[in-house]
Amino acid sequence: MIFDILTIFPGMFDAPLGESILGKARERGLVEIRVHNIRDHAFDKHQMTDDRPFGGGEGMVMKPEPIVAAVEAVAGEGPEAPVALLTPAGRLFTQDLAARLSLLPRLILICGRYEGVDERIAEHFADETISIGDYVLTGGELAAMVVVDAVTRLIPGVLGNASSAAAESFTEPILEYPQYTRPQEFRGHPVPDVLLSGHHEAIRRWRRGQALLRTKRLRPDLFARLEISAEDLELLRE
Ligand code: 6GU
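What counts and what doesn't
Residues numbered from 1 in each chain as written. Predicted model: local features only at pLDDT ≥ 70, side-chain atom pairs only at ≥ 80, totals over all residues. Helix = DSSP H or I, 4+ residues; strand = E, 2+ residues; numbered from the N terminus. Rg over C-alpha atoms; globule rule 2.2 N^0.38 Å. Buried ≥ 20, exposed ≤ 12 C-beta atoms within 10 Å, placed from the backbone. Contact = placed C-beta atoms within 7 Å. Near = placed C-beta within 6 Å. Nonpolar A, V, L, I, M, F, W, Y, C, P; charged D, E, K, R; others polar. Domains from an automatic or database assignment. Core = buried A, V, L, I, M, F, W, Y, C linked by C-beta atoms within 7 Å. UniProt positions renumbered as here; feature names shortened; annotations may be inferred. Pairing = 2+ DSSP bridges. Axes fitted to C-alpha atoms, helices over the stretch in contact; angles between N-to-C directions.

A. Region of interest: the overall build of the protein. Tallying secondary structure elements over the protein gives 8 helices and 9 strands in all. Taking 18 Å as the expected radius of gyration for a compact globule of 238 residues, we find that the protein reaches 22 Å, considerably beyond that expectation. C-alpha extents for the protein along the principal axes are approximately 70 × 45 × 40 Å. Out of the 238 residues in the protein, the part that is buried amounts to 26%. Across the protein, every contact between residues at least 6 apart in sequence was considered, and the portion connecting residues at least 24 apart equals 76%.

Written as structure tokens, this is what we have:
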């Protein structure tokens, strides 16, 4: 899969996408991440990429022409690709959307700055708007990295297993169960006995119960969407 990232801060992408699983996936050719400077497509002598908002108000707004020029310049360099604008005013990024995006041959991501991007980009030139959560970042760059990370780990081969988690259309909306490793006791805090018992069935049930309880407490919104089995009910009562 190819990611084309359009940004006025290309330097932000230098280090973070070269390490660990993402770095390996790139080395192995499973993903290609290309970063493009929107400023290279600015047309005036000062290479302006933003301007004052029509109607007045605080902050600056990203101009449409350099963004569209950048999209058009990269569009030809590879397979057909949808264009997503990263903005806090976008559609919420979920595991579901990550799974759908991971099936694409290529994705073009436009990083907006937080004050805003001329609305004609979202309206007429982007196929999708994406926000990564209900908080405000200074720009879409970190959000783009989040999207690249979450999508890349779903590409077959990236996590070592050849089969695709993304191909499975359904991911259960539940939080992970707690994990422990050595030492068996750390500063007076022991690992739960059941994990040392060797009883695989008891461990499975304990993990399921912990995941259910944790989801119920911390994420009632997810818990409400869970399909609760008879065993789940039993585990929740314990
Ligand atoms: Cl995509 N951009 C900005 N600036 N802030 C955000 C965001 C995006 N998603 C959540 N907060």
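B. Broad picture of the site of the ligand. Residues in close proximity to the ligand total 15 residues, the closest being Leu86, Pro88, Tyr114, Leu137 and Ala143. Those elements that place two or more of their residues in the shell around the ligand are strand E5 (83–92) and strand E7 (128–131). Among the elements that take part in the shell around the ligand, E5 stands out by supplying 4 residues, more than any other. Grouping the constituent residues of the shell around the ligand by class yields 9 nonpolar, 6 polar and no charged.

C. Focus on the domain arrangement of the protein. Domain annotation for the protein reports domain 1 (2–152) and domain 2 (185–237). On a C-alpha basis, the centres of domain 1 and domain 2 stand 39 Å from each other.

D. Representation of the nonpolar core in the model. Counting residues in hydrophobic clusters, the biggest one holds 44 residues, and the most contacted among them are Ile5, Leu6, Leu86, Leu109, Ile110 and Ala144. Looking at which element gives the most residues to this core, the answer is helix H5 (residues 141–152), with 6 residues. Residues contacting leucine 109, with those up to four places away along its chain left out, are Phe3, Ile5, Leu6, Ala84, Leu86, Ala144 and Val147.

E. Highlighting the UniProt feature "binding site: S-adenosyl-L-methionine" (unreviewed entry) in the protein. Within this numbering scheme, the UniProt entry marks Gly112, Ile132, Gly133, Asp134, Tyr135, Val136 and Leu137 as carrying the feature "binding site: S-adenosyl-L-methionine" (unreviewed entry). Judged by local crowding, glycine 133 falls into the exposed class, with 11 C-beta atoms found within 10 Å. Topologically, tyrosine 135 is positioned in the loop between E7 and H5. Taking the number of C-beta atoms within 10 Å as the measure of exposure, tyrosine 135 has 7 and is therefore exposed.

F. Geometry of the environment of phenylalanine 3. With respect to the secondary-structure elements, phenylalanine 3 resides in strand E1 (residues 2–7). For the pair phenylalanine 3 and glycine 78, spaced 75 residues apart in the sequence, the C-alpha separation amounts to 10 Å. Not counting residues up to four positions away in its chain, the partners in contact with phenylalanine 3 are Val31, Ile33, Arg34, Leu107, Leu109 and Val148.

G. Looking closely at the sheet that holds strand E2 (residues 32–37). Strand order in the open sheet made by the 5 strands is E2-E1-E6-E5-E7, with parallel pairing throughout. Here the strands that pair on one side only, and so sit at the sheet edges, are E2 and E7. For this sheet the average axis-to-axis angle between neighbouring strands, irrespective of direction, equals 35°. Both E1 and E2 contribute to a ladder of 6 bridges, which runs parallel. Note that in E2 the partner of leucine 6 across the bridge is histidine 36. Here helix H2 (residues 64–75) sits on the sheet and contacts E1, E2, E5 and strand E6 (106–111); the angle it forms with E1, its principal contact strand, is near 155°. Docked against the sheet, H5 engages E1, E2, E5, E6 and E7, running at close to 160° with respect to E6.

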